[in-house]
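One letter stands for each residue in the lines below.
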Number of protein chains: 2
Amino acid sequence: MTADPVQPEQLPADGPGPGRPSRRGFLRGGATFLGGAIGGAAATFGGTAAWGATRPSSSSSEAPDQAGRATVAFRGPRQPGVGTTPQAFATLLALDLVDGSDRESLVRLMRIWTDDAERLMAGRPGLADTEPELAAVPARLTVTVGYGPGVFAAADLPGRAPAWLRPLPSFGVDRLADAWSGGDLLLQVCADDPVTVSHAARVLVKQARTFARPRWLQRGFRNSPGTVAPGTTWRNPMGQVDGTGNIDPAAEPHLIWHPDGSAGWLAGGTSAVVRRIAMDLDRWDEVDRAGRENTIGRRLSDGSPLTGRHEHDTPDLEAKGPNGFGVIDAAAHIRRSRTQDPHERFLRRPYGYDDGPGDTGLVFVSYQADIDRQFLPVQRRLDELDLLNEWTTPIGSAIFAVPPGVGPGEYLGQALLEG
Amino acid sequence: MTADPVQPEQLPADGPGPGRPSRRGFLRGGATFLGGAIGGAAATFGGTAAWGATRPSSSSSEAPDQAGRATVAFRGPRQPGVGTTPQAFATLLALDLVDGSDRESLVRLMRIWTDDAERLMAGRPGLADTEPELAAVPARLTVTVGYGPGVFAAADLPGRAPAWLRPLPSFGVDRLADAWSGGDLLLQVCADDPVTVSHAARVLVKQARTFARPRWLQRGFRNSPGTVAPGTTWRNPMGQVDGTGNIDPAAEPHLIWHPDGSAGWLAGGTSAVVRRIAMDLDRWDEVDRAGRENTIGRRLSDGSPLTGRHEHDTPDLEAKGPNGFGVIDAAAHIRRSRTQDPHERFLRRPYGYDDGPGDTGLVFVSYQADIDRQFLPVQRRLDELDLLNEWTTPIGSAIFAVPPGVGPGEYLGQALLEG
């Protein structure tokens, strides 16, 4: 899996790989190349595999600074934006195909998005980009495309849709709004600069205009680049350390990707679940710290499990307190989301949203090879019992098949649309 | 003005002042203190005036990185967030006082906001902060408070309101929505991290809950920290270099602040104009580059005036082209916004907004000592004739008196409320 765009969770996307120097290492070690020798440093990146490597883009009138210059490769066996260490900003857009769409129109749209995504991710303007200067700061831009059930219907390829590609079953906790659910196509646009995300999303939506119309748009954020130490686990809007137990895409790629050699067009692809989860922060405010920690099973201060001392200590679900009850509550979120089944795990890639007082929550995004086998059992358990449900409400839900990455000369989804 | 929190536009807020070393200078010069000697570097800042200086905050469990650690001083003769070099993210909130508000309730609210703003800007939790860990990354957080006409009515001090504190006159270009206009109180919350802005805004709104209710909220962004080179002028969502001709708060403080020695409670204060300006990007797309450059009077590539070669060249409004017409159009934005009157200038501090396809524009914010003398004449000229009006529409408008900064032992607005 060395030619894979996935990156270990603990490293920045431009972090060290075989034979590649660590830019962070340079910074922390106090190297002097920040003074201007960026081009020279870039050359050392260029000597290694292009797939998924992060490289400074070509120079531009915008004079992007270090964090703005970093790029993620568009072409490779996997789509970018899945194993990529989460950028600071995400826009997730669902689009619906216009009436009369067919395989030919889908191919045309995929060719356009392929071209524009590749250009934009390299820090170059899209084709016919009306604001080309706004493309000059790639800031680790990634564009990830997914297919809802409608794509297979429009392409007249119903038999090629994976079995798990259907709306999630209704859960008791759900209060789904149509305005935040479903969609024929997914565009996930992520970068470390919100100007970049805004521009790229606009270019891609504009170019799709004759083929598809926006259905919903969700904007999420994490910490800005350079504001928290590398490797710090993100805190969600409830203040919880969120993502400690996440899988490492480099260590367990089989949990995310359909193997390259597997049969069918989805080899090298994955699936995306996007759920909008509202957080009732005003009622959460009424819960004291002990209650909050009991709800999750982790300490607020550093995310350590209530049975451990450090964030990454394995929770001891058997440990009993002096009263004989579990130290980690029977309904605690980490107990209910865990399982002995090593397949009931998936890559979480959530962002926070804050659209004003009372309108805050999580743009929950997960990637997994198989929604039915990996995501659903966990979601069923949490729906059945999870203390956190008292303060969180899913208000949107959508699922997508994510086609494999795009090799040289190929376009997005080619294995499906021409297979 | 050495003890003033204003900063030259070209420098980061933590940039060099008299006797203060430049952190950027360290970075560019390849100094090694990034490896861990932050505390030592902080000490060199501490030796100079505390007013408005940017200093690393105390350590925390969040381990904020360099850009996250920077703070702006809350106390000083001027409120922060005006002369402060614009941070990457802004939330502007208007609140309306609850019925029955009086001077006493205003004093209580101002004491609360004073305390919480000071804490949060230092990277410490607000009082009774329910998510204290989210306060650990100050990232140059600033909180700026303004008073609408309703404050003077509630405080029974109608005679103390400045003459210019009234809704702007209706302009022909306006299509104002009540939902984006007016308000008794302004909270401008800015930082280089969106998590910080979100948390701080929530704390301040929550603590105000018994006194005031949110009326509108506008979220804006610029480039993330470290993504564009320091000193790069921001591009707005239309792709224009925006802010080249802005005033330098350090060089022309009299354009912003009521002089310290002047009579009345507003000495050391200013005024804020907040307008939400929608941009019709889809129709702007139909304009070619020559047309776009003619609209503004500047080149898209680098912001240089059509009569000059570099961004900061002074536009030559007299220059004629071969056909006898002005090189800069008679209705070009830079011609119409300029004047021979040196007082018809103000500090612009705008942000972009992007709330989805078709909902993009500018959170326009300006600061000036006198709205009537400085802002209105310019706005009247632009309303009368400005090519840009074809694609921009003001949809919200609000004005506020911004009380002076808060000295040791004082609270926000004390000179008004106890004067």
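Residues numbered from 1 in each chain as written. Chains lettered and ligands numbered in written order. Predicted model: local features only at pLDDT ≥ 70, side-chain atom pairs only at ≥ 80, totals over all residues. Heavy atoms only, no water.

- You'll find chain A entered in an unreviewed UniProt entry as Dyp-type peroxidase, with Myceligenerans indicum given as the organism.
- According to the UniProt record, the Sequence similarities (unreviewed entry) comment for chain A reads "Belongs to the DyP-type peroxidase family."
- For the record of chain A, the UniProt heading Cofactor (unreviewed entry) holds the text "heme b". (UniProt positions renumbered as here; feature names shortened; annotations may be inferred.)

So, the UniProt feature "domain: Dyp-type peroxidase C-terminal" (unreviewed entry) in chain A
Move 1: In this numbering, the UniProt entry assigns the feature "domain: Dyp-type peroxidase C-terminal" (unreviewed entry) to residues 235–406 of chain A.
Move 2: Annotated as residues 235–406 of chain A, this span is 18% helix and 21% strand, and its ends, taken at the C-alpha atoms, are 33 Å apart. (Helix = DSSP H or I, 4+ residues; strand = E, 2+ residues; numbered from the N terminus.)

A short note on the interface of chain B and chain A
Interfaces are often sized by the amount of accessible area the parts lose when they come together.
Move 1: At the junction of the two partners, chain B supplies 63 residues and chain A supplies 63 residues.
Move 2: Together, Asp65, Arg219 and Thr227 of chain B form the three largest contributors to the area buried by chain B at its contact with chain A, with a combined 12%.
Move 3: Linking chain B with chain A are 14 salt bridges, by the criterion used here.
Move 4: Residue Lys206 of chain B pairs with Asp285 of chain A through a salt bridge whose shortest N-O separation is 2.9 Å.
Move 5: Our enumeration of links across chain B and chain A arrives at 34 residue pairs in polar contact (both at pLDDT 80 or more).
Move 6: When residues of the side of chain B that touches chain A are assigned to their parent elements, the largest contribution, 5 residues, is made by helix H6 (residues 194–207) of chain B.
Move 7: Here the residues of the side of chain B that touches chain A sort into 26 nonpolar, 17 polar and 20 charged. (Contact = heavy atoms within 4.5 Å. Buried area = accessible area lost by both parts, 1.4 Å probe. Salt bridge = Lys/Arg side-chain N within 4 Å of Asp/Glu carboxyl O. Polar contact = N/O pair within 3.5 Å; in protein donor to acceptor, adjacent residues only side chain to side chain. Nonpolar A, V, L, I, M, F, W, Y, C, P; charged D, E, K, R; others polar.)

A closer look at unusual backbone geometry
All names here are of chain B.
Move 1: With a phi close to 50°, Ala139 is a non-glycine residue in the positive phi region.
Move 2: Judged by its relative accessible area of 0%, Ala139 falls in the buried class.
Move 3: For Arg140, which is not glycine, the phi dihedral falls at a positive 60°.
Move 4: Using a relative accessible area of 8% as the deciding quantity, one classes Arg140 as buried. (Buried < 20%, exposed > 50% of the residue type's maximum accessible area, 1.4 Å probe, protein only.)

Topic: the nonpolar core
Move 1: Formed by 157 residues in total, the largest nonpolar core has its most connected members in Trp113 of chain A together with Trp113 of chain B.
Move 2: If sequence neighbours within four positions are ignored, Trp113 of chain A has contacts with Leu95, Val145, Leu185, Leu187, Leu204, Ala208 and Leu412 of chain A.
Move 3: Ala90, Leu347, Val363 and Phe400 of chain B belong to the second largest nonpolar core, which has 24 residues in total. (Core = buried A, V, L, I, M, F, W, Y, C linked by side-chain atoms within 4.5 Å.)

Let's talk about the pairing of strand E5 (residues 185–191) of chain A
Residue and element names in this part refer to chain A.
Move 1: Counting buried positions along E5 gives 7 out of 7 residues, so the element sits mostly inside the fold.
Move 2: Burial along E5 is two-sided: Leu185, Leu187, Val189 and Ala191 facing one way and Leu186, Gln188 and Cys190 facing the other are all buried.
Move 3: Pairing geometry for strand E3 (residues 89–97) and E5, over 7 bridges, is antiparallel. The partner of Leu93 across the bridge, within E5, is Leu187. (Pairing = 2+ DSSP bridges.)

Here we look at the relation of the copies chain B and chain A
For these two chain copies, the linking operation is a rotation about an axis paired with a shift along it.
Move 1: Of the transformation superimposing chain B on chain A, the axial component is 0.0 Å and the angular component is 180°, with the fit at an RMSD of 0.0 Å. Here the transformation between the copies is reduced to the relation of a two-fold axis.
Move 2: Of all interface residues in chain B, 100% are interface residues in chain A too; the two copies therefore contact each other through one and the same surface. (Least-squares fit on C-alpha atoms with pLDDT ≥ 70 in both.)

A few points about the packing of aromatic side chains
Geometry of an aromatic ring pair is reported as the spacing of the ring centres plus the angle between the planes.
All names here are of chain B.
Move 1: Counted by the stated rule, this structure contains 12 aromatic pairs over all chains.
Move 2: Measuring from ring centre to ring centre gives 5.1 Å for Trp284 and Trp391, while their planes differ by 70°; the resulting arrangement is edge-to-face. With a gap of 107 residues between them, Trp284 in helix H7 (residues 281–284) and Trp391 in the loop between helix H10 (371–384) and strand E11 (392–402) connect regions that are remote in the sequence.
Move 3: Overall, Trp284 belongs to the buried group, its relative accessible area being 0%.
Move 4: For the pair Phe364 and Phe375, a centre-to-centre distance of 6.0 Å together with 50° between the ring planes defines the contact as tilted. With a gap of 11 residues between them, Phe364 in strand E10 (residues 360–368) and Phe375 in helix H10 connect regions that are remote in the sequence. Side by side, Phe364 and Phe375 carry an identical accessibility label, which is buried. (Phe/Tyr/Trp six-rings, centres within 6.5 Å; stacked < 30°, edge-to-face > 60°.)

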